[in-house]
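Structural overview
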Amino acid sequence: MVSLLRAQRGSKVDIITSAADLRMVGGMLRIAGDPTAITANGVGRAEALLLPTEVLDEQAGAKLGIPVGYLKKTRREQIGLYDANINGWLASEPTRKFMVRTLQDRSRGTGVARALMSDKYKVMDNLDVLIAALNGVHQAGHPAEVTSCDLSDRRMYVRIEAPQVVVAARELLKDYRSPFSGQTGSELPEVHAGLVITNSEVGCGAVRIVPRAVFRVCRNGMTIEKDTMQAVHVGARMEEGTIDWSVATQTKELELITSKTADAVAHFLSHDYVERIIESVTKQAATELNDPGSTVKEVTKQLNIPDETADAILRHFIKGGQTTAGGVMQAFTSVAQTVKDADAAHTLEAKALDALALAAR
């Protein structure tokens, strides 16, 4: 992960520009050059022609008042309409300023337009956040290990676990069977502590430190969203031009992330915290379901789970053998392990407790 983030840093170009300097051409974002914007090495900002990501399309629709579903349809089917819609609304507010986050070959002006942000967006790059957070883990002096990392167009996810912080959850896991190994919760009724550190460089969320409980029998992970610590990406407005983010600019924010991570490790990676979480969900989880199949379908519908994923949740619920609200929760988290999309997997873990509450009604 560190190697990948370092490689990306070399091609990052962040630009504050006016709507008048932005134009879609054949589905590509053209950013006009500005010969009067002289940088430290004496070179003006060159014109760039960049491929927008899905994230940028969503942000363009939201910021310009274009229905996102319609905008995506025009990109797929009528690229001329896609260009015309965005260009028309940009032209209606020519002095409006945006930050465009890009990855590009500076010599050619080609690459990817990652995000269309407010000019007040305060950048916290993934590499800086990762190092600051790991420093926080180190400062906490608590045995912990990074067990997985994921990087999508939207977010970075770093999962940290403390396998030695383990509590028994016999009542919660009785009658549950891992859909992966077939091992039962009665054979391995243990839950250990963990947390997830997430960050978005493209406006899809603040720096977040989310506690996580890991069920050893199946490696299912359940995040506890209500206890999330976070830092928001909002700063002061910036002038037009290419941004050169210095280390000093981010020092205070990163020191805060380090401090918050150390606090999170001390609090979340503790026996007391994990015991409280298990105690808080065990009663709801024991709720027997009169019509399990219908309940699973209704829960996935209310939580806006895509049909294909909802079908997988039902299959995992059946394999799990636990015909209770707790079985629905476990199905959400076990399916999360099978989903290749990192954002979708994290969302499933985050919705597991909501699924439990709905199923237990």
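Source: prediction; values computed, not measured. (Residues numbered from 1 in each chain as written. Predicted model: local features only at pLDDT ≥ 70, side-chain atom pairs only at ≥ 80, totals over all residues. Heavy atoms only, no water.)

**Concerning the pairing of strand β7 (residues 97-105)**
The element β7 is largely enclosed, with a buried count of 7 among its 9 residues. Pairing analysis gives 7 bridges linking strand β1 (residues 12-18) to β7, with the strands arranged antiparallel. Among the inter-strand pairings, T17 is bridged to a residue of β7, identified as F98. Examined bridge by bridge, β7 and strand β8 (residues 110-118) share 8 bridges and lie antiparallel to one another. Counted as the bridge partner of F98 is S118 from β8. Joining the antiparallel neighbours β7 and β8 is a turn of 4 residues, in which G109 adopts a positive phi near 70°. (Buried < 20%, exposed > 50% of the residue type's maximum accessible area, 1.4 Å probe, protein only. Helix = DSSP H or I, 4+ residues; strand = E, 2+ residues; numbered from the N terminus. Pairing = 2+ DSSP bridges.)

**Section: the layout of surface pockets**
By volume, the second largest pocket is sized at about 240 Å³. Along its surface, the second largest pocket is lined by 15 residues, and S148, R159, R212, Q337 and E349 are the ones closest to its centre. Taken together, the elements giving at least two residues each to the lining of the second largest pocket come down to β9 (145-151), β10 (156-168) and α12 (342-359). Across the lining of the second largest pocket, the residue classes break down as 4 nonpolar, 3 polar and 8 charged. (1 Å grid on protein atoms, 1.4 Å probe; cavity = no way out; pocket = protein on both sides within 12 Å on 5 of 7 lines; lining within 4 Å. Points joined across faces, edges and corners; volume = space filled by probe spheres on them. Nonpolar A, V, L, I, M, F, W, Y, C, P; charged D, E, K, R; others polar.)

**With respect to the side chain of T198**
Summarising the element assignment, T198 is placed in strand β11 (residues 190-199). With near-sequence residues (within four places) excluded, T198 lies in contact with M156, Y157, A206, V207, R208 and H346. (Contact = heavy atoms within 4.5 Å.)

**Description of helix α8 (residues 271-285)**
Helix length check: α8, at 15 residues, gives a terminal C-alpha distance of 21 Å against a target of 21 Å (1.5 Å per residue), a fit within 8%. Here α8 has its buried residues at Y273, V274, I277, I278, V281, T282 and A285. The buried residues of α8 occupy one face: seen down the axis, they fall within an arc of 160°. Exposed residues lying more than 90 degrees from the buried face of α8 are D272, E279 and K283. (Expected span 1.5 Å × (residues − 1). Arc of directions from axis to C-beta.)

**Examining the nonpolar core**
Judged by nonpolar contacts, the single largest core of 65 residues is most densely connected at V191, V328 and F332. The element that contributes the greatest number of residues to this core is helix α11 (residues 325-336), accounting for 7 residues. Those residues in contact with V191, other than ones at most four positions away along the chain, are V165, V166, V167, A169, L173, A213, V214, F215, V274 and I278. Counting residues in each nonpolar core, the second largest holds 21 residues, with I15, A48, L50 and L64 among its members. (Core = buried A, V, L, I, M, F, W, Y, C linked by side-chain atoms within 4.5 Å.)

**Focus: the confidence of the model for the protein chain**
Across the protein chain, the average pLDDT comes to 91, with 91% of residues at or above 70. Per-residue pLDDT stays below 50 along residues 35-43; that stretch engages in 5 contacts with residues further than four places along the chain or on separate chains. Contacts of residues 234-239 to residues separated by more than four positions or lying in other chains number 17 contacts, the stretch itself having pLDDT below 50. (pLDDT = per-residue confidence, 0-100.)

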